[in-house]
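Read off the chains here:
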Amino acid sequence: MDSRSTLILSLLLTASTTTFFFPVYAGTFDREFDITWGGGRGKVLNNGQLLTLSLDRASGSGFQSKKEFLFGKIDMQIKLVPGNSAGTVTTYYLKSKGDTWDEIDFEFLGNLTGHPYVMHTNVYTQGKGDREQQFNLWFDPTADFHTYSVLWNHHHIVFLVDGIPIRQFKNLERRRIPYPKMQPMRLYSSLWNADQWATRGGLVKTDWSKAPFTASYRNFRADACVSHAGKSSCPAGSPRWLSHRFGPTAENKMRVVQRKFMVYNYCMDSKRFPQGFPKECGIHERRRLV
């Protein structure tokens, strides 16, 4: 990363740390999550402080939260698969049940050694997604843990990396655009093989001689409303995330990151939408990437 990019992100990180400081509550992985598949490839270690997922030729692995959330600020520190991770996908997302589900996605698409990971984001409402934005990360996400966060309230959904907002999906129900607000979601993560599409559209396949591939997780925090038996229980007091909105300055800072590091925006893909862009693109998403 060049010196100009380093300066920009240093300034953004300072501002974001001030803007997005919230009281959060942590739990150990053995208390907060169930490993749901993988035949022993998912492991909880260090007295519940660390969780690892592994992938080999036979299977990947995954876990899910015991609790369901309806609005909140969710943080997880993740260290992604190192080395030649081409063909692998590490997912981290919130999702509700049913055929008309809501979903808030991070996906990390592996790559050849020395090439950047692609961070894929998406938002589903009532079972419909197709709202992809992708970014090249400005650091090596395999060298250390980094914090990936979702802020979700009645006003907007914000994706954050190390406290830096990179994407916003606004509540535009007044314009008849569905918004996730009724369905509680669990937190999920998985590591699996997707070499039919993940790296350069499937041109680069998984090198199984490098298996097992491993991703690591720590410092899960959720300051959130927990849903149980149709009722939602929120943190005492008035959490700052609950009423959070972007002002013009914060939104402009997010756009700086997008101009520098966004590599795909569905709102700019005219070939994909020859009949016209999705409605929200004309309201708040569509920006020329320069």
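Placed above this text is the structure.
Residues numbered from 1 in each chain as written. Predicted model: local features only at pLDDT ≥ 70, side-chain atom pairs only at ≥ 80, totals over all residues. Heavy atoms only, no water.

Q: Tell me about the overall build of the protein, and please be specific about residues and values.
A: Counting its secondary structure elements, the protein contains three helices and 16 strands. Going through the 290 residues of the protein one by one, you find that 53% of them count as buried. Pairs at least 24 apart in sequence give 67% of the contacts found in the protein among residues at least 6 apart. Summed over its atoms, the accessible surface of the protein is roughly 13,700 Å², and 50% of this surface lies on carbon and sulfur atoms. (Helix = DSSP H or I, 4+ residues; strand = E, 2+ residues; numbered from the N terminus. Buried < 20%, exposed > 50% of the residue type's maximum accessible area, 1.4 Å probe, protein only. Contact = heavy atoms within 4.5 Å. Areas by Shrake-Rupley, 256 points an atom, 1.4 Å probe, with all protein chains shown as cover.)

Q: Just give me the short version of the sheet that holds strand β6 (residues 88-95), but keep the residues and values in it.
A: Strand order in this open sheet of eight strands is β1-β4-β13-β6-β7-β8-β9-β16, and the pairing throughout is antiparallel. A strand with exactly one partner marks an edge of an open sheet, and here the two such strands are β1 (33-37) and β16 (262-265). Averaged over all neighbouring strand pairs, the angle between strand axes comes to 15 degrees, with direction disregarded. Alignment of strand β8 (residues 118-124) against strand β9 (residues 133-136), held across four bridges, turns out to be antiparallel. Bridge pairing links threonine 121 to glutamine 133 in β9. (Pairing = 2+ DSSP bridges. Axes fitted to C-alpha atoms, helices over the stretch in contact; angles between N-to-C directions.)

Q: Requested: an account of the nonpolar core, with residues and values cited.
A: Counting 56 residues, the largest nonpolar core has Met76 and Tyr148 as the members making the most contacts within it. With seven residues, the single largest contributor to this core is strand β14 (residues 213-228). Sequence-distant contacts of methionine 76, defined by excluding residues within four places in its chain, comprise Phe29, Phe33, Phe63, Tyr92, His146, Thr147, Tyr148, Leu187, Tyr217, Arg218, Asn219 and Phe220. Membership of the second largest hydrophobic core comes to five residues, among which are Val89, Val118, Ala194 and Ala198. (Core = buried A, V, L, I, M, F, W, Y, C linked by side-chain atoms within 4.5 Å.)

Q: Which residues make up helix α3 (residues 248-261), and what values go with them?
A: Compared with an ideal rise of 1.5 Å per residue, which puts 14 residues at 20 Å, α3 spans 20 Å between its outermost C-alpha atoms and is within 8% of the ideal. What α3 keeps buried is the set Glu251, Met254, Arg255, Val257, Gln258 and Phe261. Mapping the buried residues of α3 onto a view down its axis gives an arc of 160 degrees, with all of them on the same face. Exposed side of α3, more than 90 degrees from the buried face: Pro248 and Thr249 are the residues found there. (Expected span 1.5 Å × (residues − 1). Arc of directions from axis to C-beta.)

Q: Describe in detail the pattern of salt bridges, supporting the description with residues and values.
A: Under the counting rule described, the total for this entry stands at 11 salt bridges. Between aspartate 56 and arginine 41 there is a salt bridge whose closest N-O contact spans 3.0 Å. On the criterion of sequence distance, the pair formed by aspartate 56 in the loop between β3 (50-55) and β4 (61-65) and arginine 41 in the loop between β1 and β2 (42-45) is long-range, its members being 15 residues apart. A relative accessible area of 25% means that aspartate 56 is categorised as partly exposed. Two residues, lysine 97 and glutamate 68, come together in a salt bridge whose shortest N-O distance is 4.0 Å. Pair noted here: lysine 97 is in the loop between β6 and β7 (103-109) and glutamate 68 is in strand β5 (residues 68-79), with a separation of 29 residues, a long-range link. A network of salt bridges, in which partner residues are shared, links Asp130, Glu132 and Arg272. (Salt bridge = Lys/Arg side-chain N within 4 Å of Asp/Glu carboxyl O.)

Q: Can you tell me about the pairing of β9, naming the residues and giving the values?
A: With three bridges joining them, β9 and β16 adopt antiparallel strand pairing. Bridge assignment links phenylalanine 135 to a residue of β16, and that residue is methionine 262.

Q: Give a detailed account of the state of the cysteines, specifying residues and quantitative values.
A: This model, assessed by the stated rule, comprises two disulfides. Two residues share a disulfide in this structure: cysteine 225 and cysteine 234, whose sulfurs sit 2.1 Å from each other. The chirality of the disulfide connecting cysteine 225 with cysteine 234 is right-handed, given an S-S dihedral of about 105 degrees. You can call cysteine 225 buried: its relative accessible area is 2%. Shown here is the disulfide that connects cysteine 267 with cysteine 281, its sulfur atoms set 1.9 Å apart. Between cysteine 267 and cysteine 281 the disulfide shows an S-S torsion of about -75 degrees. By sign, it is left-handed. Highlighted residues: cysteine 267 in the segment after β16 and cysteine 281 in the segment after β16, separated in sequence by 14 residues. Here cysteine 267 matches cysteine 281 in class, with each residue buried. (Disulfide = S-S within 2.5 Å.)

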